[in-house]
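Structure assessment
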Amino acid sequence: LTTDDPDGAADTTPNSGLSVMVPLLYGMTALLTELITNNAAVAIMFPIVFEAHKAMPLALPLRPLVYTLMMAGSASFVTPTGYQTNLMVYGPGGYRYLDFP
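These numbers come from a predicted model, not from an experiment.

Considering the overall build of the protein
The helix and strand inventory of the protein stands at four helices and zero strands. Put simply, the protein runs from its N terminus to its C terminus through helices and strands in the order α-α-α-α. A total of 101 residues make up the protein; the buried ones form 27% of that total. Here the analysis covers contacts within the protein between residues at least 6 apart in sequence; of these, 48% occur between residues at least 24 apart.

Structure representation (structure tokens):
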């Protein structure tokens, strides 16, 4: 990813694409894990990550993207609707949505 500088120069630092891709990848995968299982969400998102890495190997190294994918795939456990046991104790325990980290 390149962004134009006001001076006319382009930002071509090797990891500049990570600042955009990592939050986007995390958000999309975390949202997907709320709708389907975490394994399925990661299986759907990995080809997208790999193709993005192949398109821009210097700007988007694979390892940080895969680590982000792994963490986001497991993020569903921090919401009351993300896992069965969370949902089981949500009502009887008197929890609120904000009680989950």
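From this point, things continue past the structure.
Section: the nonpolar core
Soluble globular proteins: nonpolar side chains tend toward being buried together. Formed by Leu-18, Met-21, Leu-25, Met-45, Val-49, Ala-52, Leu-60, Leu-65 and Leu-69, the largest nonpolar core amounts to nine residues. Elements supplying a minimum of two residues to this core: helix 1 (18–35), helix 2 (38–55) and helix 3 (62–73).

Describing the environment of Met-56
Residue position: Met-56 is located in the loop between helix 2 and helix 3. Taking the C-alpha atoms as reference, Met-56 lies 8.6 Å from Gly-17; in sequence the two are 39 residues apart.

With respect to the pattern of salt bridges
Within this structure, the stated rule accounts for two salt bridges. The shortest N-O distance in the salt bridge between Glu-51 and Lys-54 comes to 3.4 Å. Residue Glu-51 and its partner Lys-54 are located together in helix 2, separated by three residues, close to a single helical turn. Overall, the relative accessible area of 45% leaves Glu-51 in the partly exposed class.

Structural notes on the side chain of Thr-68
Tracing the sequence through the fold places Thr-68 in helix 3. Owing to a relative accessible area of 10%, Thr-68 belongs among the buried residues under this scheme. With residues near it in sequence (within four places) discarded, Thr-68 still touches Val-22, Leu-25 and Tyr-26.

Side note on the environment of Tyr-95
Examined against the element boundaries, Tyr-95 turns out to sit in the segment after helix 4 (84–90). On the basis of relative accessible area, Tyr-95 is assigned to the partly exposed category, the value being 41%. For the pair formed by Tyr-95 and Pro-80, sequence separation is 15 residues and the distance between their alpha carbons is 8.8 Å. Setting aside its immediate chain neighbours within four residues, Tyr-95 contacts Val-89, Tyr-90 and Phe-100.

Brief notes about a nonpolar patch on the surface
Residues Leu-35, Ile-36 and Ile-44 make up a contiguous nonpolar surface patch of roughly 290 Å² in combined accessible area. Note on placement: Leu-35 falls in helix 1.

Overview of the confidence of the model for the protein
With 83% of its residues at a pLDDT of 70 or more, the protein has an overall mean of 83. Per-element confidence in the protein ranges from a low mean pLDDT of 84 for helix 4 to a high of 94 for helix 2.

Things to note about the packing of aromatic side chains
Any aromatic ring pair is given by two values, namely how distant the centres are and how the planes are angled relative to each other. Counted by the stated rule, this structure contains one aromatic pair. Between the aromatic rings of Phe-46 and Phe-50, the centroid separation amounts to 6.0 Å while the plane-to-plane angle is 25 degrees, which identifies the pairing as stacked. Remark: Phe-50 and Phe-46 occur in helix 2; sequence separation between them is four residues, near one turn of the helix. Residue class for Phe-46 comes out partly exposed when judged on its relative accessible area of 35%. On the accessibility criterion, Phe-50 (31% relative accessible area) is partly exposed.

Cut-offs used in this document
- Residues numbered from 1 in each chain as written.
- Predicted model: local features only at pLDDT ≥ 70, side-chain atom pairs only at ≥ 80, totals over all residues.
- Heavy atoms only, no water.
- Helix = DSSP H or I, 4+ residues; strand = E, 2+ residues; numbered from the N terminus.
- Buried < 20%, exposed > 50% of the residue type's maximum accessible area, 1.4 Å probe, protein only.
- Contact = heavy atoms within 4.5 Å.
- Core = buried A, V, L, I, M, F, W, Y, C linked by side-chain atoms within 4.5 Å.
- Salt bridge = Lys/Arg side-chain N within 4 Å of Asp/Glu carboxyl O.
- Patch = residues over 30% accessible without salt bridge, like charges linked within 9 Å, V, L, I, M, F, W, Y side chains within 5 Å.
- Areas by Shrake-Rupley, 256 points an atom, 1.4 Å probe, with all protein chains shown as cover.
- pLDDT = per-residue confidence, 0-100.
- Phe/Tyr/Trp six-rings, centres within 6.5 Å; stacked < 30°, edge-to-face > 60°.

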